[in-house]
Amino acid sequence: MAMPISQQNAASLGEATLDFSGGDALLRISGDWILGGSHTLSKEIIEKLPDGVKRLSFEVSALGSYDSTLISMLLRIIKQVQSGGADIDFRSLPDSVVSMLGLAVAVPEADAKKTSKRIDFVNRVGVRAINIISNTKDYISFFGDVTIAFCKLLCGRARMRGSDLMMIIQRSGPEALPIVALISFLVGLILAFVGSIQLAKYGSEIFVADLVGIAMVREMGAMMVGVVMSGRTGAAFAAELGSMKVNEEISAFKTFGISPIEFLVLPRIIALVLMFPLLTIFADVIGALGGLVIGVGMFDVSYEQYSSRTVAALNLVQISTGVGKSIIFGLIVACIGCRMGMACQNSSSGVGRATTSSVVQSITWIIVADAIFAVIFTIFDI
Amino acid sequence: MRERGGMQEDVFKIENLTMAYDDYTVMQDLNFTVKRGEIFFIMGGSGCGKSTLLRHMIGLIHPAKGAIYYNGKNFSDATAEQKQDMLREFGVLYQGGALWSSMSLSENIMLPLKEFSNIGDAEAEDLVNLKLSLVGLGGFGGFYPSEISGGMAKRAGLARAIALDPKVLFFDEPSAGLDPVSSHRLDELILQMRDCLGATVVIVSHELSSIFDIADRAVFLDAKTKRQTAVGDPRLMRETGPDEVRFFLNRGALPAGQKEKSLI
């Protein structure tokens, strides 16, 4: 007796054979038809179907256990036979099979199939160019919105909660100190190590203090803070705002007439712009300490000599170049993180893409900005 | 209530179950059974612990006290392999469909099929098309979850839940967010699925029309006492059940002729 899978025992081979007499076809189904079991494939049966079948009936006296595997096979064959205009005699099929087949054909298949069109090279370039232009427009519009929000803040009219700003400052400033310390200490250490080996050839190991001090203060301090914060805080901004967009929290702000730029983006930008210079100064000091460990520990340089050389090598202009750059880097990381979050697609994979793009774009633009600064400083001999 | 044969055997047995989050007890002393082939509703007011009970039944949360038996086997005592075998027999439709957003509808259904069987691509594709057709989404296999409506996502979630022909189907608030017509169609679909697949169905819902339309039996969870107040046919409960159950099933009003008293 035929039974649903819930009552199945050990599966036997499921077989389906076709008999013809005139225009009548009889499909004999036997054995177990369960998921993962061995059975005749529907395409094998369809291949044996002759043209001109007028009527299809079934014989199921030897049918064992079954599940959707049987229904799926029958559905495929019935559709094939019906497309040739044949009648189907369902009478001998079990009731549950007939009702499931009925359910499967109750709603006609929608003509919604997606066709994957092959896009040629020229079109791809065109689409990419249009995307770049529209992205640039979106960025300009985003910066415009942020500028307006900032002006409102200066006039005391922006809707921004001080507690939010403090919380973001806490998360992006003090909580970032350990990772910034580790990275900048190691960078200082590496610079000193590589530099002092070269300088030792000329007997001038003492100048490793100049090398590490100037490199950290002018370039590496701000750059390392930028890279670390892109991965840490910029990505967090993108993921946080992206999830809020998916959960329609951003729409909820808009429906209350509260600008999400003022309420969500502005405190994040202000927090990073405030924290980046402080983190950079911190990174500079820790980087110099890293250099000192190598200078004093591995070469014949005393602590006093190293520190006095570092102080002599640096001046306020050099410190200002690094700190000044870091403000721009902070602006880049915060703006890109927030913009990616706000432009995120409404799905969890969209949040992932927004986060990835935020990190990649932030680091890229930090390096581009640094190159521009290098050119400007060279021109003005700073 | 529809008459169905073989509905006497217990599939689930909940015994002195206490559900808790850390020190906070959600419900205590739950005792009821779910019989094979029936449509069983877990009902109660918002926040009373209905979804938590469902999570306990599918083994996502460990009971604070008591036990849940599935086909006579205690979930808590089961080894990882046994638990995996039990879970393989369950299909769950989550509130929002919980479709994997990075996969198309076809891929969502294909994944469990491919993971738990060794069928070929052509056969798997036929099965995916069948499941989509069963929920009225034939032809939508290439769409991504973000491209379809909430009702369609729910039906696609159902297609994924029935991918492996489960013996027990769980629904968490299936009607939530659906218009009355879609909600009624989903009820019909649940009924047909039960009849076609021969599955036992457990539904978390406070949608009264669904409860009266398709429930065989139900348990009522009372948030105030943190206990179950009644188990049985909800149509009978509406007339003869405890006050709070009648209050709930009559949409906040006790039937005419019965003494009103404040239950809030």
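Keep in mind the model is a prediction, meaning the values are calculated, not measured.

## Quick word on the overall build of chain A
When helices and strands are tallied, chain A shows 12 helices and 5 strands. Its C-alpha atoms give chain A a radius of gyration of 35 Å, more than 25% over the compact-globule value 21 Å for 382 residues. Within the span of chain A, comprising 382 residues, buried residues form 36% of the whole. For chain A, contacts bridging at least 24 residues in sequence account for 85% of all contacts bridging at least 6.

## Observations regarding the overall build of chain B
A count of helices and strands for chain B gives 9 helices and 10 strands. The C-alpha radius of gyration computed for chain B amounts to 19 Å, which stays within 12% of the reference 18 Å derived for 264 residues, consistent with globular compactness. Expressed as lengths along the three principal axes of its C-alpha atoms, the size of chain B is roughly 65 × 45 × 40 Å. In chain B, which comprises 264 residues, the share counted as buried stands at 44%. In chain B, 66% of the contacts between residues at least 6 apart in sequence involve partners at least 24 apart.

## Quick notes on the sheet that holds strand E1 (residues 10–21) of chain B
Residue and element names in this part refer to chain B. Across the sheet, 4 strands lie side by side as E2-E1-E4-E5; this open sheet has antiparallel pairing. Because the sheet does not close on itself, it has two edges, and the strands there are strand E2 (24–35) and strand E5 (73–74). In the sheet, strand E4 (residues 65–70) pairs with E5 via 2 bridges, with the strands oriented antiparallel. Bridge pairing in E5 places tyrosine 70 opposite lysine 73. The sheet strands contacting helix H1 (residues 50–57) are E1, E2 and E4, and the helix crosses E1 at an angle near 120°.

## Description of the pairing of strand E10 (residues 227–232) of chain B
Note that strand E9 (residues 217–222) of chain B and E10 of chain B share 5 bridges and pair antiparallel. The residue bridging aspartate 222 of chain B from the neighbouring strand is arginine 227 of chain B, located in E10 of chain B.

## Thoughts on the environment of arginine 128 of chain A
All names here are of chain A. Position of arginine 128 among the secondary structure elements: in helix H4 (residues 121–154). On the basis of neighbour counts, which here come to 10 C-beta atoms within 10 Å, the residue arginine 128 falls in the exposed class. Linking arginine 128 and serine 30, residues 98 residues apart in sequence, is a C-alpha distance of 56 Å.

## Looking at the interface of chain B and chain A
Taken together, the contact between chain B and chain A spans 28 residues of the former and 34 residues of the latter. Elements represented by at least two residues in the side of chain B that touches chain A include exactly helix H4 (121–134) and helix H6 (180–197) of chain B. For the side of chain B that touches chain A, the residue count by class is 11 nonpolar, 12 polar and 5 charged.

## Remarks on the nonpolar core
In terms of nonpolar packing, the biggest core is built from 96 residues, with Ile71 of chain A together with Ile42, Ala159, Phe170, Val202 and Phe220 of chain B touching the most fellow members. Here this core gets 7 residues from one element, more than from any other, and that element is helix H2 (residues 68–83) of chain A. Membership of the second largest hydrophobic core comes to 59 residues, among which are Val228, Met244, Cys335 and Ile366 of chain A.

## Some points on the pairing of strand E8 (residues 200–204) of chain B
Residue and element names in this part refer to chain B. Burial within E8 is extensive, with 5 of its 5 residues counted as buried. One ladder, built from 4 bridges, connects strand E3 (residues 39–44) with E8; its direction is parallel. Its bridge partner lying in E8, isoleucine 42 is registered against valine 204. As judged from the 5 bridges shared by strand E7 (residues 168–172) and E8, these two strands associate in the parallel manner.

## A word on helix H3 (residues 105–116) of chain B
Residues spaced three or four apart along an α-helix face the same direction, because each turn holds 3.6 residues. Here H3 of chain B has its buried residues at Leu105, Ser106, Asn108, Ile109, Met110 and Leu113 of chain B. Looking at the buried positions of H3 of chain B, the neighbouring elements they touch are H4 and helix H5 (150–161) of chain B.

## A closer look at unusual backbone geometry
The phi torsion at glutamate 248 of chain A lies on the positive side, around 65°, for a residue other than glycine. Considering the arrangement of structural elements, one finds glutamate 248 of chain A in the loop between helix H7 (208–246) and helix H8 (249–255). With 12 C-beta atoms counted inside 10 Å, the residue glutamate 248 of chain A sits in the exposed group. The backbone of asparagine 71 of chain B sits at a positive phi, close to 50°, despite the residue not being glycine. Here asparagine 71 of chain B lies in the loop between E4 and E5.

## With respect to the environment of isoleucine 211 of chain B
All names here are of chain B. Structurally, isoleucine 211 is set in helix H7 (residues 208–214). Using a count of 22 C-beta atoms within 10 Å as the deciding quantity, one classes isoleucine 211 as buried. When the C-alpha positions of isoleucine 211 and leucine 249 are compared, they lie 9.3 Å apart, and in sequence the two are 38 residues distant. The contact partners of isoleucine 211, leaving out residues within four places of it in the chain, are Phe41, Met43, Ser205, Ala218 and Pro234.

## Observations concerning the domain arrangement of chain B
Residues and elements named next belong to chain B. Assigned domains of chain B: these are domain 1 (10–89 + 166–249) and domain 2 (95–161). Distance between the C-alpha centres of domain 1 and domain 2: 25 Å. For the side of domain 1 that touches domain 2, the elements supplying multiple residues, two or more each, are E7 and H6. In terms of residue count, H6 provides more of the side of domain 1 that touches domain 2 than any other element does, 3 residues in total.

## Some details on the sheet that holds strand E6 (residues 90–93) of chain B
Residues and elements named next belong to chain B. Read across the sheet, 6 strands follow the order E6-E7-E8-E3-E9-E10 without closing on themselves; strand pairing throughout is mixed. A single partner strand is all that each edge strand has here, and the edge strands are E6 and E10. In this sheet, adjacent strand axes meet at a mean angle of 15° when their direction is disregarded. As paired elements, E3 and E9 share 5 bridges and run parallel to each other. What sits directly across from methionine 43, in E9, is phenylalanine 220. Of the strands in this sheet, E3, E7, E8 and E9 are in contact with H1, which crosses E8 at around 145°.

## Describing the packing of helix H11 (residues 316–342) of chain A against helix H12 (residues 348–379) of chain A
Pairs of packed helices are described in terms of their axes, by the angle between the two and the distance that separates them. Residues and elements named next belong to chain A. Interhelical geometry of H11 versus H12 gives an angle of 155° and a closest axis separation of 9 Å. Taken together, the axis directions place H11 and H12 in an arrangement best described as roughly antiparallel. By crossing handedness, the relation of H11 to H12 is classed as right-handed. Residues Thr321, Lys325, Ile328, Phe329, Ile332, Val333, Ile336, Gly337, Met340 and Gly341 of H11 form the contact with H12, whose own contacting residues are Ala354, Ser357, Ser358, Gln361, Ser362, Trp365, Ile366, Ala369, Asp370, Phe373 and Phe377. Residue composition of the contact of H11 with H12, grouped by class: 12 nonpolar, 7 polar and 2 charged.

Reading the values: the criteria
- Here the residue index of a chain counts from 1 through its sequence in written order.
- For naming, the first written chain is A and the first written ligand is 1, with later ones following in the order written.
- A pLDDT threshold of at least 70 governs which residues receive local features in this predicted model, and a stricter bar of 80 or more applies before side-chain atom pairs are shown or counted, although totals over entire chains, interfaces and linings include all residues.
- In DSSP terms, a helix is any run of H or I states spanning at least four residues, a strand is any run of E spanning at least two, and both are numbered starting from the N terminus.
- The reference for a compact globule is 2.2 Å times residues^0.38; the radius of gyration itself is calculated from the C-alpha atoms.
- Buried residues are those with 20 or more other C-beta atoms within 10 Å of their own C-beta, exposed residues have 12 or fewer, and partly exposed residues lie in between; C-beta atoms are placed from the backbone.
- Our contact criterion uses C-beta atoms placed from the backbone: two residues qualify when those atoms are within 7 Å.
- Strands were regarded as paired on the criterion that DSSP finds at least two bridges between them.
- The axes used here are C-alpha line fits, helices contributing only the stretch in contact, and every angle between their N-to-C directions lies in the interval 0 to 180 degrees.
- Throughout this entry, Asp, Glu, Lys and Arg are counted as charged residues, while Ala, Val, Leu, Ile, Met, Phe, Trp, Tyr, Cys and Pro are counted as nonpolar. The remaining residues, Gly among them, count as polar.
- We define a nonpolar core as a collection of buried residues of the types Ala, Val, Leu, Ile, Met, Phe, Trp, Tyr and Cys that are connected via C-beta atoms lying within 7 Å of each other.
- What marks off one domain from the next here is an automatic or database domain assignment.
- If an angle is under 35 degrees, it is roughly parallel; if it is over 145, roughly antiparallel; if it lies from 65 to 115, roughly perpendicular; otherwise it is oblique.
- Should the near helix be turned anticlockwise from the far one by less than a right angle, the crossing is left-handed, and should it be turned clockwise, the crossing is right-handed.

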